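Survey of secondary and tertiary structure
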Number of protein chains: 4
Amino acid sequence: MATASPTATSSVTLQRRSWLERLWTTIADRGSAYADVPSSAVPPLDRARQLATALLGEKGEASGAAIARELQAVVKELEGADRVAFYSYLASGFLPDEKRLREAATAYLADANAETATQLADASEPPRQELLRRMNMSPGGTASLMAMRKELLGKLNEAPELKSLDSDLRHLFGSWFNRGFLQIRRIDWQTPAAVLEKIITYEAVHEIQGWEDLRRRLAPDRRCFGFFHPALPGEPLIFVEVALTRGLASAVQPLLTRDVPEEQQKADAANADTAIFYSISNCQDGLRGVSFGNFLIKQVVEELKTELPSLRQFSTLSPVPSFRRWLERRVKDHPDADPLTAEEEFALTAVAPTQREEKTGTALLLDLARSDEWWNNPALAEALREPLVRLCAGHLVASGSRSRGGDPVARFHLGNGARLERINWLGNTAPRGFRESFGIMVNYLYDPDSIEANHEVFVRDGYVVRSPAVDMLVAKLNVPDAKMSARGSGKARLLKS
Amino acid sequence: MATASPTATSSVTLQRRSWLERLWTTIADRGSAYADVPSSAVPPLDRARQLATALLGEKGEASGAAIARELQAVVKELEGADRVAFYSYLASGFLPDEKRLREAATAYLADANAETATQLADASEPPRQELLRRMNMSPGGTASLMAMRKELLGKLNEAPELKSLDSDLRHLFGSWFNRGFLQIRRIDWQTPAAVLEKIITYEAVHEIQGWEDLRRRLAPDRRCFGFFHPALPGEPLIFVEVALTRGLASAVQPLLTRDVPEEQQKADAANADTAIFYSISNCQDGLRGVSFGNFLIKQVVEELKTELPSLRQFSTLSPVPSFRRWLERRVKDHPDADPLTAEEEFALTAVAPTQREEKTGTALLLDLARSDEWWNNPALAEALREPLVRLCAGHLVASGSRSRGGDPVARFHLGNGARLERINWLGNTAPRGFRESFGIMVNYLYDPDSIEANHEVFVRDGYVVRSPAVDMLVAKLNVPDAKMSARGSGKARLLKS
Amino acid sequence: MATASPTATSSVTLQRRSWLERLWTTIADRGSAYADVPSSAVPPLDRARQLATALLGEKGEASGAAIARELQAVVKELEGADRVAFYSYLASGFLPDEKRLREAATAYLADANAETATQLADASEPPRQELLRRMNMSPGGTASLMAMRKELLGKLNEAPELKSLDSDLRHLFGSWFNRGFLQIRRIDWQTPAAVLEKIITYEAVHEIQGWEDLRRRLAPDRRCFGFFHPALPGEPLIFVEVALTRGLASAVQPLLTRDVPEEQQKADAANADTAIFYSISNCQDGLRGVSFGNFLIKQVVEELKTELPSLRQFSTLSPVPSFRRWLERRVKDHPDADPLTAEEEFALTAVAPTQREEKTGTALLLDLARSDEWWNNPALAEALREPLVRLCAGHLVASGSRSRGGDPVARFHLGNGARLERINWLGNTAPRGFRESFGIMVNYLYDPDSIEANHEVFVRDGYVVRSPAVDMLVAKLNVPDAKMSARGSGKARLLKS
Amino acid sequence: MATASPTATSSVTLQRRSWLERLWTTIADRGSAYADVPSSAVPPLDRARQLATALLGEKGEASGAAIARELQAVVKELEGADRVAFYSYLASGFLPDEKRLREAATAYLADANAETATQLADASEPPRQELLRRMNMSPGGTASLMAMRKELLGKLNEAPELKSLDSDLRHLFGSWFNRGFLQIRRIDWQTPAAVLEKIITYEAVHEIQGWEDLRRRLAPDRRCFGFFHPALPGEPLIFVEVALTRGLASAVQPLLTRDVPEEQQKADAANADTAIFYSISNCQDGLRGVSFGNFLIKQVVEELKTELPSLRQFSTLSPVPSFRRWLERRVKDHPDADPLTAEEEFALTAVAPTQREEKTGTALLLDLARSDEWWNNPALAEALREPLVRLCAGHLVASGSRSRGGDPVARFHLGNGARLERINWLGNTAPRGFRESFGIMVNYLYDPDSIEANHEVFVRDGYVVRSPAVDMLVAKLNVPDAKMSARGSGKARLLKS
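Keep in mind that what you see is a predicted model, and the values were worked out from it rather than measured.

1. Describing the overall build of chain A
Each helix and strand counted, chain A has 22 helices and eight strands in total. By residue count, 44% of the 497 residues in chain A fall in the buried class.

2. Considering the packing of helix α18 (residues 378–397) of chain B against helix α22 (residues 468–475) of chain B
Residues and elements named next belong to chain B. The contact between α18 and α22 brings their axes to 8 Å, and the two run at 105°. For the element pair α18 / α22, the angle class is roughly perpendicular. In contact with Val389, Arg390, Ala393, Gly394 and Val397 of α18, α22 contributes Val470, Leu473 and Val474. Classifying every residue of the contact of α18 with α22 gives six nonpolar, one polar and one charged.

3. As for the interface of chain C and chain D
Contacts between chain C and chain D engage 56 residues on the former and 56 residues on the latter. Looking at the side of chain C that touches chain D, the elements that each hand over two or more residues are α1 (6–28), α5 (98–110), α6 (114–124), α8 (141–153), α9 (163–176), α14 (293–307) and α21 (451–461) of chain C. The element that contributes the greatest number of residues to the side of chain C that touches chain D is α5(C), accounting for seven residues. Counted by class, the side of chain C that touches chain D contains 27 nonpolar, 20 polar and nine charged residues.

4. Here we look at the relation of the copies chain C and chain D
It takes a turn of 180° to lay chain C on chain D, together with a shift of 0.1 Å along the axis; the resulting RMSD is 0.2 Å. Such a combination of turn and shift is consistent with a two-fold rotation axis. When C-alpha positions in chain C are compared against the rotation axis, the closest is assigned to Ala105(C), at 2.5 Å.

5. Quick word on unusual backbone geometry
Although it is not a glycine, Leu426(B) adopts a positive phi angle of roughly 55°. Phi is positive for Phe94(D), which is not a glycine, with a value near 55°. Secondary-structure assignment places Phe94(D) in the loop between α4 (80–92) and α5 (98–110). Judged by the 21 C-beta atoms lying within 10 Å of it, Phe94(D) falls in the buried class.

6. Considering the domain arrangement of chain A
Residues and elements named next belong to chain A. Looking at the assigned domains, one finds that chain A contains domain 1 (43–96 + 125–176), domain 2 (179–316) and domain 3 (323–489). If you average the C-alpha positions of domain 2 and of domain 3, the two centres end up 27 Å apart. Listed per partner, the contact involves 13 residues of domain 2 and 16 residues of domain 3. Where the side of domain 2 that touches domain 3 is concerned, the elements lending two or more residues are α14 (293–307) and β5 (313–316).

7. Some remarks on helix α14 (residues 293–307) of chain B
Helix length check: α14(B) (15 residues) gives 21 Å between terminal C-alpha atoms against 21 Å at 1.5 Å per residue, within 8%. Where the residues of α14(B) are buried, they touch β2 (222–228), β3 (238–245), β4 (274–282) and α19 (408–416) of chain B.

8. Details of helix α4 (residues 80–92) of chain C
Residues and elements named next belong to chain C. Between its terminal C-alpha atoms α4 stretches 18 Å, which fits the 18 Å expected from 13 residues at 1.5 Å a residue. Looking only at α4, the buried set comprises Arg83, Phe86, Tyr87, Leu90 and Ala91. Looking down the long axis of α4, one finds its buried residues gathered within 140° of arc, a one-sided arrangement. The first or second residue beyond α4 is Phe94, which carries a positive phi of 55°.

9. Some words on the pairing of strand β2 (residues 222–228) of chain D
Residue and element names in this part refer to chain D. Counting buried positions over the seven residues of β2 gives seven, a clear majority of the element. With burial as the criterion, each face of β2 is covered, one bearing Arg222, Cys224, Gly226 and Phe228 and the other bearing Arg223, Phe225 and Phe227. Both strand β1 (residues 183–186) and β2 contribute to a ladder of four bridges, which runs antiparallel. Paired with Gln183 across the strands is Phe228, a residue of β2. Examined bridge by bridge, β2 and strand β3 (residues 238–245) share six bridges and lie antiparallel to one another. Of the residues in β3, the one forming a bridge with Phe227 is Ile238.

10. Side note on the packing of helix α19 (residues 408–416) of chain A against helix α21 (residues 451–461) of chain A
Each packed pair of helices is defined by two parameters, the angle between the axes and the distance between the axes. All names here are of chain A. Where α19 meets α21, the axes come as close as 7 Å, and the angle between the chain directions of the two elements is 125°. What the angle tells us is that α19 and α21 run oblique. Counted together, Leu414, Gly415 and Asn416 of α19 and His455, Phe458 and Val459 of α21 form the full contact between these two elements. Here the residues of the contact of α19 with α21 sort into three nonpolar, three polar and no charged.

11. Quick notes on the pairing of strand β5 (residues 313–316) of chain B
Residues and elements named next belong to chain B. In the sheet, β4 pairs with β5 via four bridges, with the strands oriented parallel. Paired with Ala275 across the strands is Phe314, a residue of β5. Each parallel crossover has a hand, and for β4 linked through α14 to β5 it is right-handed.

12. Some remarks on the nonpolar core
In this structure, Leu71(A) and Leu71(C) are the most contacted members of the largest nonpolar core, which totals 236 residues. Setting aside its immediate chain neighbours within four residues, Leu71(A) contacts Ala48(A), Leu51(A), Ala52(A), Leu55(A) and Met135(A). Grouped together as the second largest cluster of nonpolar side chains are 234 residues, Leu182(B), Phe228(B), Ala383(B) and Tyr444(D) included.

13. Here's the deal with the environment of Leu90(C)
Residue and element names in this part refer to chain C. With respect to the helices and strands, the residue Leu90 is situated in helix α4. Judged by local crowding, Leu90 falls into the buried class, with 23 C-beta atoms found within 10 Å. Taking the C-alpha atoms as reference points, Leu90 and Ser164, separated by 74 residues in sequence, lie 9.2 Å from one another.

14. Re the confidence of the model for chain A
All names here are of chain A. Overall, the predicted model of chain A reaches an average pLDDT of 85, with 85% of residues at or above 70. This model gives residues 1–14 a pLDDT under 50, and the stretch forms 18 contacts once residues within four places in sequence are excluded. Across residues 480–497, where pLDDT falls below 50, the model places 38 contacts with residues more than four positions away in sequence or in other chains. Across the interface, the model reports ipTM at 0.81; the global pTM reads 0.85.

What counts, and at which threshold
- Throughout, a residue's number is its position along its own chain's written sequence, starting from 1.
- Labels follow written order: the first chain is A, the first ligand is 1, and so on.
- Whole-chain, interface and lining totals are the exception, using all residues; otherwise, since this is a predicted model, local features are given only for residues with pLDDT of at least 70 and side-chain atom pairs are given and counted only at 80 or more.
- In this description a helix means any DSSP run of H or I spanning at least four residues, a strand means any run of E spanning at least two, and both kinds are numbered starting from the N terminus.
- Each residue is classed by its C-beta neighbour count within 10 Å, where at least 20 other C-beta atoms makes it buried, 12 or fewer makes it exposed, and intermediate counts make it partly exposed; the C-beta atoms are placed from backbone geometry.
- Helix axes use the C-alpha atoms of the stretch in contact, all axes being lines fitted to C-alpha atoms, and the angles between their N-to-C directions lie in the range 0 to 180 degrees.
- By the definition adopted for this analysis, an angle is roughly parallel if under 35 degrees, roughly antiparallel if over 145, roughly perpendicular if from 65 to 115, and oblique otherwise.
- By the convention adopted here, residues are in contact when the distance between their C-beta atoms, placed from the backbone, does not exceed 7 Å.
- Note that Gly is not counted as nonpolar here; it falls among the polar residues with everything else outside the nonpolar set of Ala, Val, Leu, Ile, Met, Phe, Trp, Tyr, Cys and Pro and the charged set of Asp, Glu, Lys and Arg.
- Least-squares superposition of the copies uses the C-alpha atoms of those residues scoring a pLDDT of at least 70 in each of them.
- In this document the domain limits rely on a domain assignment from an automatic tool or a database.
- Helix span, expected: 1.5 Å multiplied by one less than the number of residues in the helix.
- Comment: arc refers to directions from the helix axis out to C-beta atoms.
- DSSP calls a pair of strands paired once it identifies at least 2 bridges connecting them.
- Here is how to tell: hold the view so the strands point away, follow the path from the first strand over the helix to the second, and if it runs clockwise the crossover is right-handed.
- Joined through C-beta atoms within 7 Å, a set of buried Ala, Val, Leu, Ile, Met, Phe, Trp, Tyr and Cys residues constitutes a nonpolar core.
- Confidence per residue, as judged by the predictor, is encoded in pLDDT with a range of 0 to 100.

So, in C-alpha cells, the structure goes:
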C-alpha cells in the first residue's frame, strides 16, 4: 500500500483539472468563440451546449465517454432556467439533415417501396437520438437521462417545444427497458437497507409509515417482488406487494395490521391458498409510458406457484380511484339514470336527517354518502351499502368500452386479462379510501387459464369478464339497455355518460 | 416435498400442450385460413409468419411474452430455406403505413421544421422494429436475435432484400449494447468453466490449444478482461489478453510459452512496468458493426492502473494482417517505388540462389521473402530484415490517410488514439505470422495523456503519430514526397497505391 | 411444478410423524422404561435425556443429525425448570470412564512423560464434549448451543454444578470461533436489513435510537465493521463503529449528531486524517470469555489504511466505566491520599453551597461532583475539571498493575498495545457518561509501529504507556510514591487501594 | 490513483523488513541466546522453535496473528529433516504442567467425582493444542495445519513420537470440521475452473482423463456435489459423482462414455427414476479419520429429491476392492470351504487348458480367473460368472461381523444404513476392476425409510441387510453354518477366515 503524500494527492487533482482544461480547449477550439477562454470562465449553459455538440461530433470517440461524463456533471449543476434552456437546445437542434431528408421524402413519394421506406426512415432519425445514446455512456448516464425526462414531463405544458425531446427519450427507454432486460427480484428483510428505503419512499397505494411498518409488509405471510434493470442497480422500477391468505381478502386494513405474531404469520403462509396483490407501485416518473405492471404480475404469479404449490388463486385487492368522482358527475348530469329500489329509497329516507328529505334517488344517496363519518353510523352505512356497491359494479363494467374513461385501475387489470371478481364494501377504511370510493375495494382475479381469452374480448369488444356475483349486481341496474351481461352484445355502453 | 405421480406429470404436459393449442387457435382464428387446423398440422413457416403477425398485433399484450417464446421455438426449428423465407417475410413486410408516411413526407417537404421532421421520423419507423423488440421479450430473446443476424450477414450477398432487416437489427443492437449497459469483468482461473470454454473458442488472434494453454493466459503475470451484457450472462462480447512485462515486449511467442514456473510468474507480475495487450477478440458475429474495443482497452488501462500502480506504460503487441498482401500488390503495381539501398541490394543478391538473380529491388526482396522457411537461414533473414521493417513502417504510416485501405489493426488502434511505437522483426514466428507479415509485429502505445490529441490529428488530418524510431525508419524511405514525418504536411498519402 | 393435493400434503406430514415415532421407538427401545410408550406421552425432560444419550451412543451415526435436530427441538420447548434440569443432567453425567481414567492417572503418577500425559489427556476428556459436538451437527446447532450457554451463565451462581458444562462450552467455542474462521465484513447501508436490525439491538455503548439514527452511523464519514462466523450467517459477533475526523475527537456527542448534510459528510471523509473507534460492542452473550475485540480493531486498522491512505492516526474515544465507582471508594477508604492544590481547594470552596463547607479535599470534590446537573453551572464545572481529569489519569495509569481491578476498558485497549493518549473533559454528556465518569472520555491511540512494544511492557511490567500530556497530569499527583511515570520502576501500584 | 514512486515501494519493503526484524528481536530477546543476532542469521529451525514458543507465550496476543503468520512462512521453508525435527519439537514439548497435573491426578484418585474429573481434564490438556489453535489464526493457517498432518501421517511409522501431535491435530480437525460447519455445493460447468481442476486431481475411483472427460461427469444427466469448509474456500473436502438413470445401473463404463449427445443427456435426466452414486472421493489426506461421506450421501439424497421429484431410488455403483485379495487367501487357507456345484466344476474343467486339470474347486476357479484376459473368452467368462458372483456375495455378507476385515467399501455403506442390493458381473471392465474384483461391482441401496433400521442391526448385530436376490446367492453357499440369512442368528461369522 503505497502511502501517497499530500503533495501527491493534490498533484492528482491538478492533473485531473488540467486534463479537463485540455479537454475543454479541444472542444472549444473548433472555431468557437471560446477558444481562448478557460473552461471555468465560460457560462455553464454554453459549456453544456458545447459539450453536447462535441459529444455528437466526435468521430473517433477517443474521448466520448469522458465528454459524456463532463456533460452530465455540467448539466447537473445548471440552474433551473438554464436547464430548461439546455433542454430546448436539445429539442430544437440536432435535426436530421434537411437536404438528405428532402431527397428521401421525394424518392418515397415517387415510388413507395420497402427500399425507399428504409432510406426515408434512416434519413429521418434525428441525430438527437444518437446524442442521447452517447450521453448514456457515462457512469450513471441512464439515471441521469431518466431524471431529465422526469423534469421534462413537468414542463411540457408550458414548453411544448420540448415534446420532441420527450418523445426521443420515451422511445429510447422503451427499447432499453425492454422486458427482456428486466430482472425480477424478491424483496425481503435480507434486502439491502438502501433498496428497502426506496420501497418506503415509492409505495404509492397504501403508505408505509416507517421501518416497522415495512417489516410487516415483508413478514413470512407476505411477499414483495420488483423489477430491476442492470444499469440501475439497487433502484426498483416497479414493485408489487402480496399477502398470502385463505380465500379472497375483502379488506385491506387487516392485511396492514402489525399485531400478528411471527408464528402466526408462518402458519398463515403455510395454510394459504390465495395470493392477494394489494399494492402495485411504479417507481420511476421518468419512465412514464413504459409499462411493466402486466409482466410483473404475471411473472410473480409464476414465482409464487413454484414456491408455494398450495396456492389456488391469484387476485388483486384494488382501489377504485375514480368511483366517487364519476358518481358525482353522473348524479349531476343524469340524476334519474340509476333509480333505486323502493326499499332502498325507504331505507335512505329513514336514516336521512330532515333537512335532506327533499332529495331522492342517487342524489339523496350521494348526499348521505358525503356526510361526515357516515361509516360510524351503522344504520346509515347499511342503507348506503347495496346501492353504492351496485353502482360501483356498473361503473366498472362500463370501463371496458372503447371510449376513454372508466376506472384506470380497472382498465389496467382488465386489459391484462383479469376478471372482475368481487366488489368489497368497506374494503379500505382509510381516509383516502372513503374519499375516492366510499371505502369500496375490488378483487380482480388473475386466472392463468383464462387470461388470454379475457384479454381478447376486453381489447376487441370492450367486454368486461366478471364473476356471476358481479353479474347479478349489474343485472339489478334498472335500466332498459342493460345488455352488459350479454357477451353477444359486443358493447358495454351502459352507464357511460 | 410432494411426490408427483407419473399421471400428474403427464397431465402437466397435457396442460401445456392444450395451452399451446389454445394459443394457436386464438392466433389462427383471426380470419386466417388455418382457423380450424390444429397447430401441429400447419407448416412451420406459416406458423412462424402467423406468430410474428400476432405478436405485433396484440394490443393488450396479454400473451405477448408467450407468443414471443413460441415464435422463437418455431424459428429455431425451421429448415434452412424456410428460415431465409421467414427472414424475407420480416424484411419485406412490416413496412410503415403508406398513407400516413406519404402525408408526413408531403408535410415536411412543404415546410421543413422541427415538428414536421419529428412527425416524419415517427411515421417512417417500420413496425418491424417494434416486432423485433417484442421478440426480445422471451427468455433468450437477445441471443436468438443475435443468432438471426449472424445468419443474415452470411446471406446478404445472395439475398440483398434482407438488408433492411439487418439494418434494423444493427440499429437495435447499437442501442441495447450501449457502453452504459456493458459490464467489465476480469476473467481468471476463478471464472466458471462455461465462460472459459468460450474464451478458448472465441480467441481469434493467437489460438488457444486447450485448457493448459488457457491456463497460461490466466497465470499470475497475465490478465484477461471482457465485456459482458446483463441479458447474455456468461457470454463474453469481446475480451482482451494482457501480459505484464518489464519493458515493451517485442515478440509474442515468449508470451505464450508455458514453461515458466508459477513463482517466476508472480515475481514477473510484481516487477512489471508494462502491460502488453497481445490479443483482442470480438466474440459475437451477430454484433458486427457495434464497436466495443476502444472502450474495453481504455477501461482495462484504468483497471490495471488501480490494481498495479507500478505500471508505467500500456501497449499492444499487434499483428499487421495486411502487410504481405499490400507488399505483393505494390511490387506488382509500382516495382520501382521503393528503392533499396546499395548495401541492401548487395546483401540480398549475396544470399539469393542463382536462379533469382535477374530480379532486383523490392521484386527480389519479395521473392526471397516468399522462399521456404527463409527464417531458418540466418544470413537471408538478416538481409531481409531492414528493408521489410522499413517498408512495413511506411505501410502503417500511410494507414492514416482518409481513403479506405491501410492496415485494419493499425486503423483501429490509431483511431483510438494510440501511437505507432515500434516495428518488431520476427515478432510472431507462427505460420500465420510469416504468412501475413513476414513475422513482423507492431507495438501501438496507449499513453493516457496523449490519447485525445493523437486521436484528433488522426481523425481530422489522417496523421499517424509515431515514435522517433519509427520516424527514422520512414525518413529512410527513398522517395521524394516523403513528407509523412512532417506533421505540418497535414496528409500522409505516401505509399498508398 | 407438480401440484400436490391436500391429501398428499397431509401424507407427507404423516410420514414425518411416523418417522419421528419410529426414531423415538428405536431410541426408547434400548432397555428403557419407555419402550412401549409413544413419544408424545413421554415427559419432554425425559425425552431430552433419552435423545442426548442416544445421540452420544449411536455408533454408526446413521441418524446422528436427525437425533440432533430432534433434541434441539425438544430442548427449545422445555419449560424453564426442566431446561435447567436438563443442563444439570448434561453437566453431571457424561463423565469420563472412571476405570480408564484411574489407570491413566496412576500410570502418569508412576512415570510422568509425554506418552502417559497424552493418554491421561485422552482418558480425561469428558464424553460430554463429544455430545456437544454432535449437538452442533443439526442445522442451527451452533446458535442453539450459544443460547444454551447464555442461559447457563445466568444460572451459575444458583447452580454451581453447571460450571463443568459451561467450561466445556467455552472450550468448544474457543476452538470453533478461532480467529482463522472469522470473516470481517463492512456494514453499511447496502447491508441486509436483517443484519442492521441486529446492530441496532446489540449496540452497547451509545444506544442507537432507530433506523434514522443508525443511518447516521453508516454515513459517508463513518465506517462500521463486524466479525461474522460462517455457521451464523447474518449474525454479527462483534462490531466496531468508526468516525473519520480531522484530528483526535474529544467528545462523542458531535459524532452522533444527525444534522450534517450528506455533501458535508463526503467532504469530511475525504479530508479525514484520523479514524476514531467510538463504539465496540460484543453481540453474543453466549460467547463470553472468547475474545475478538483485539483482532477486530487491528484488522479494521488495516482495512482503513488500504481504503483511505490519507489516514494518519487510529484512536478510540472510550468511556471510563469504573471511574466514579473507584473515586467513591477511594475517597471513603483513603480520604487524604490525593490532596488537591490550594488553588483547587479554593475554587471548590468558592462554588460550594454553605452546607458542604465542613468537607475538604477529594471528599468535597466528590460531593460537588455528585450535585444535580453541576454541568449546567459553569463555575462549578470549571472548578471540578482539573482535579477530576488528573484523578482519572491516575486511576487509568494504575490500571496496568497486575492485580485485578483498574478500568476494564483501559485494560482491554492497553492490553492490545494501545497508548493512553488523552483525557477528555465532558467527552460524553449523556446521563450515562456523567453517571459513570463525570462525563470524562479517553482516547487510546493504536499506533501500528508501537503496538507490540506497548503491549509487551503492559503485560510484562504492568507499565501503562501514555502521552506526555497524560504524563504531566500524573506527575501532578501529589503523592510521595508517584513512580508511575518512571518506566524503570517496573510497577505502578500508585492509587490502587 | 496515487502513483507511488519506486522509492516509495522499496521503503514499504524496508518497513516490512524492519518490522519483522523488530518482531524477531522482541521474541529472541527473552533470555535467548539469539538476542543480538539478526533474524536472518538464526538457523531456520531455531527460528521456528522460537516463534512457536513466542506464539504460545504471548499473554496479551498483541502480535499473535503476526507471529503465527511468520511461523507459517518459516515452517514452509524448512528443509525436510528440519521440518520433522520441528514436528518432534512440537510433539515432545508443550506438555501439561507436571506439578499441576500430578495434583489433579492425585485428587481424582482420592475422590473421583464430576469436579475432580473436570479439573483433571483441564490440567491434562496439553498447551500444544492451544499452540495449534493459535497457529490457525494466520491466513491460510487451516490449510497449513492440514498439510502438516498430511506429512506427519507419512512419518508415523519411522517416528512414532509424532503420534501425540497427530492425535492433537485430528482432535482439532474433528472439532473444526464438524458437520455443522460444512457447506454442500453443487459442482457443475458453472463452477470456477480452479475448483474443477481439483476435482480432476482428487477423483480417486474412476480417474478423470482431462477437461473433456470432466465435462461428461458434469453433463445434464449427471450431478456432482461436494462439501466445503468456510476456512478453505475453493477446496473440496469430499465429493460424490452421481448419474441419473432409469433403473439400477449395473456397469460403470456406460456411465463414463462420452459419446452421448447433449439432447439425449437432457432427455435421460428428465426420464430418470434412479440416482447412481458411482464415485466418492475424499480429497484431503490431512483429514484422515475425520469422516464426511455418510453425511454427504444423505444430504445429496435430500438435494436430489427436491430437485428431481421423479427419482424413486438412490443407490451406489461401488467397487469391491478386497475381493480378489480375500479370495486368494481363502483358497490358500481353506481350499475346501466353498465347494462348487457339479455343474460349475464341469463347466470350469471344460474350458480349462490341460495343464490346469489337476486343480478343482475354488483353486481351479481362481487359477482360471487369473488367466490373461479371460474376459475375452466368452465360454470361460460364463463358467466363472456364477461361482465368483456367489463368493463375492458371501464375502460381502460377512463384512458385517464385528471383527476387523471384510470389504472397506461395504463396511462404509452398510454402516451408513445402506442395503446390499445387487452383485454386478463385469460391472467394471477397466484393468483396475479386473485386478481388484474380477470386474465385479456392487449396488448399495440407500432407502431413506430403512436406513436407521439397517444401520442399527449392522452396528449392533453385524447383520448385513440385503435384497432377496443376494439372499438367494448366499443361500447357495454350500456350507453347514450358513446362518447368515437368518436375522435371529445375531452373528455372521460365515466365510471369515
